[in-house]
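Tertiary structure, described
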Amino acid sequence: MTFSWLPTLALADTAPVAAAAAPAAPAPLKVDTGDTAWVLTSAALVLLMTPGLAFFYGGLVRRKNVLSILMQCMMAIGIVSIQWAIFGYSLAFGPDKGGLIGDLSWFMLKGVGLEPFADYSATIPHQAFMIFQAMFAVITPALILGAFAERMKFSAFCIFILLWATLVYDPVCHWVWAVGGFVRKWGALDFAGGTVVHINAGMAALASALVLGKRKGYPNKMSPPHNLPFAVLGAGLLWFGWFGFNGGSALGANGLATSAFVVTHMAAAMAGVTWVLLDLIVNGHMTMLGFITGAVAGLVAITPASGFVDPTGAILIGITVSLICYAAVAFLKPKFGYDDSLDAFGVHGIGGMWGAIATGLWATKSVNSAGADGFFYGNPAQLMIQIKATLVTVVYSFVVSFILLKVLDMVMGLRVEESEERIGLDLTQHSEAGYTTLD
C-alpha cells in the first residue's frame, strides 16, 4: 500500500515555519484631474488678489501716490515668487528642523515634481501645491504696505519684503502648516491663513507704522480717498479671489471646498452689512467705503475658520469681526495716534486675531472630521490652543518685523525725504504719473 500523501505531509512537517505574508505595498498616489484643475484655478484666483489689493489700496491714497501702490504690489509678485522658488518653499514646507523651519532639501525646487506628495498633495502634483502656496507668500507682504503707504522708499520696500518673507513669513508658515511644525503639533486650526497671513502681516504693519512715523499732515490735512471706484473694484477682486484663497485650501474639488466657499461668502456679506449699519449709527450715513472695509474684514476673519465652521458660525464671525475692527479703526487708532494709513493692522491684524480665536469658538467636526470641535461644541481646550497660537504669532511677527525695520532704517533709510513726500511717490520714486492731465 502506498501513501501518496506522505511526501506532502513530510514536506509540510519539515519545512520551516513560513513568515507572515508581507503587507502589500501601498498603491502609488495618482493625480486626480478634478482636484488639480481646482487647485490650479484657485492659485490663479489668489494671484488675482494682489492686483486687486493694488486697486483697493491705490484708490484709498492720494492721486500723487496711486502708481507707487500699484508698483509695490506688482513688485511683491516678482520678488517673492522668485524667493519662493529658490529657497522660500523649502524653508516653509521642506523637511522639518526641530519644528521651527524647513531645511534646504528643496532648494531651487529640487525634488518638487509633477507627482503627488503624500504629506501635502495626495491627489495633485507637488508643484501644484507649491505654486498655490506661492500665491499666499506673495500677497502677505503686500498687505503690509497699507500701513506705510505714501512714505517708504521703493528700494527699502524691495529689500524689506525679501527679508520679511524669509525671516518672518517662511518660519511662521512652517510652524502652522508644515509637517513637524510645532504649532501644527499643538492642534491649532488655521485652514487658509489666519495666523500665517493676516496676523503675521497685521503685526508687521503695526511695527512699520510705528517705525516710519506719521505722514506729513496726519491726521488734520489728509484728503479722502482719491478714487473710491478703484477701491470698490479692488474689493470686488479680493472677494472674488478669496474663493480660491479659502476654497482652494481644501486641496480638492470636494464637499469641504464647497463649504469653505459658502462660509467665505456669508461672512463677507454679513460683515459688510454690519459695518454699514455701524456707520449709520455712529456717523449718520451708510458709506461705500464702510461696506468694502467691512467685507474685507469678514473675509479676513473667516479665513482660518473657513474649513471648520458652518454658515451659522460664519454669519456670527461676520457680525463680530465688524464690531471689533470698527472699534479698532474708529476709536483705537485715533486714541493712540499711530498712522496705519490704510488700516492694515486694524483690519488684517485685529481681524486675523479674532478669526483665529473665533475658530476656537465655532469650529465643528460636522463640517470637517479632520478638524476639531470648538468651545460652543463642547471643546473649550481648542479655544485655548487657538489663543496660544495667536499670541505666539503676534509676538514673533511684531518683534522680528520691528527689529528688521530698525536695522534697515539705520543701513539705508526707510522714509523718503519730506520734499519727495510732498510731491508724491509716483514722480519722485518712479518718474511716472498715475494720471495724465491734458492742458
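Rules used throughout
Residues numbered from 1 in each chain as written. Predicted model: local features only at pLDDT ≥ 70, side-chain atom pairs only at ≥ 80, totals over all residues. Heavy atoms only, no water. Helix = DSSP H or I, 4+ residues; strand = E, 2+ residues; numbered from the N terminus. Buried < 20%, exposed > 50% of the residue type's maximum accessible area, 1.4 Å probe, protein only. Contact = heavy atoms within 4.5 Å. Areas by Shrake-Rupley, 256 points an atom, 1.4 Å probe, with all protein chains shown as cover. Lys, Arg positive; Asp, Glu negative; His and termini not counted. Charge placed at Lys NZ, Arg CZ, Asp CG, Glu CD. Expected span 1.5 Å × (residues − 1). Phe/Tyr/Trp six-rings, centres within 6.5 Å; stacked < 30°, edge-to-face > 60°. 1 Å grid on protein atoms, 1.4 Å probe; cavity = no way out; pocket = protein on both sides within 12 Å on 5 of 7 lines; lining within 4 Å. Points joined across faces, edges and corners; volume = space filled by probe spheres on them. Nonpolar A, V, L, I, M, F, W, Y, C, P; charged D, E, K, R; others polar. Axes fitted to C-alpha atoms, helices over the stretch in contact; angles between N-to-C directions. Parallel < 35°, antiparallel > 145°, perpendicular 65-115°, else oblique. Left-handed = near helix turned anticlockwise from the far one by under 90°. Salt bridge = Lys/Arg side-chain N within 4 Å of Asp/Glu carboxyl O.

This part takes up the overall build of the protein chain. Regarding its fold elements, the protein chain presents 15 helices and two strands. Along the first, second and third principal axes, the C-alpha atoms of the protein chain reach 120 × 45 × 40 Å. The buried share among the 439 residues of the protein chain stands at 54%. For the protein chain, restricting intrachain contacts to residue pairs at least 6 apart in sequence, the fraction spanning at least 24 positions comes to 75%. Summing over all exposed atoms, the protein chain offers an accessible surface of approximately 18,300 Å²; the carbon and sulfur share of this is 69%. When the 21 positive and 24 negative side-chain charges of the protein chain are each reduced to one mean point, those points stand 9 Å apart.

In a regular helix each residue adds 1.5 Å, so 29 residues correspond to 42 Å; helix α9 (residues 255–283) covers 42 Å between its end C-alpha atoms and thus fits that length. In the stretch just after α9, Gly284 is the one whose phi turns positive, near 85 degrees.

Attention shifts here to the packing of aromatic side chains. The full count for this structure, using the stated rule, is 33 aromatic pairs. On the numbers, 5.8 Å between centres and 35 degrees between planes, the contact of Phe117 with Tyr120 is tilted. Relative accessible area serves as the criterion here: at 27%, Phe117 is assigned to the partly exposed category. Residues Phe243 and Phe261 carry aromatic rings whose centres are separated by 4.0 Å and whose planes lie at 5 degrees to one another, so their mutual orientation is stacked.

Before going further, it helps to spend a moment on the layout of surface pockets. Within this model, the largest pocket holds a volume of roughly 870 Å³. What lines the largest pocket is a set of 34 residues, among which Leu289, Val329, Lys333, Ser341 and Asp343 lie closest to the centre. At the level of secondary structure, the elements contributing two or more residues to the lining of the largest pocket comprise α2 (33–60), α9, α10 (288–302), α11 (311–336) and α12 (344–362). Tallied by class, the residues present in the lining of the largest pocket amount to 19 nonpolar, eight polar and seven charged. If you go around the second largest pocket, you meet 23 residues; those closest to its centre are Trp177, Arg184, Asp190, Phe191 and Ser249. With three residues, the top contributor of residues to the lining of the second largest pocket is helix α4 (residues 126–148). In terms of residue class, the lining of the second largest pocket is built from 14 nonpolar, six polar and three charged.

Interhelical geometry of α10 versus α12 gives an angle of 40 degrees and a closest axis separation of 8 Å. As summarised for this structure, α10 and α12 are arranged oblique, according to the angle between their axes. Here α10 runs over α12; the crossing is right-handed. Here Thr293, Val296, Ala297, Val300 and Ala301 of α10 come into contact with α12, specifically with Val347, His348, Gly351, Gly352 and Gly355. Residue classes in the contact of α10 with α12 are distributed as five nonpolar, five polar and no charged.

Between side chains of opposite charge, pairing is possible as soon as their charged atoms come close. Within this structure, the stated rule accounts for six salt bridges. Arg215 is the partner of Glu150 in a salt bridge, and the nearest nitrogen-oxygen pair spans 2.9 Å. Residue Glu150 is found in the loop between α4 and α5 (154–177), and its partner Arg215 is found in the loop between α7 (194–212) and α8 (228–247); the two are separated by 65 residues along the sequence. For the pair Glu150 and Arg215, a shared accessibility class is recorded, and that class is buried. One network of salt bridges, in which partners are shared, links Arg62, Glu150, Arg151, Arg215 and Asp339.

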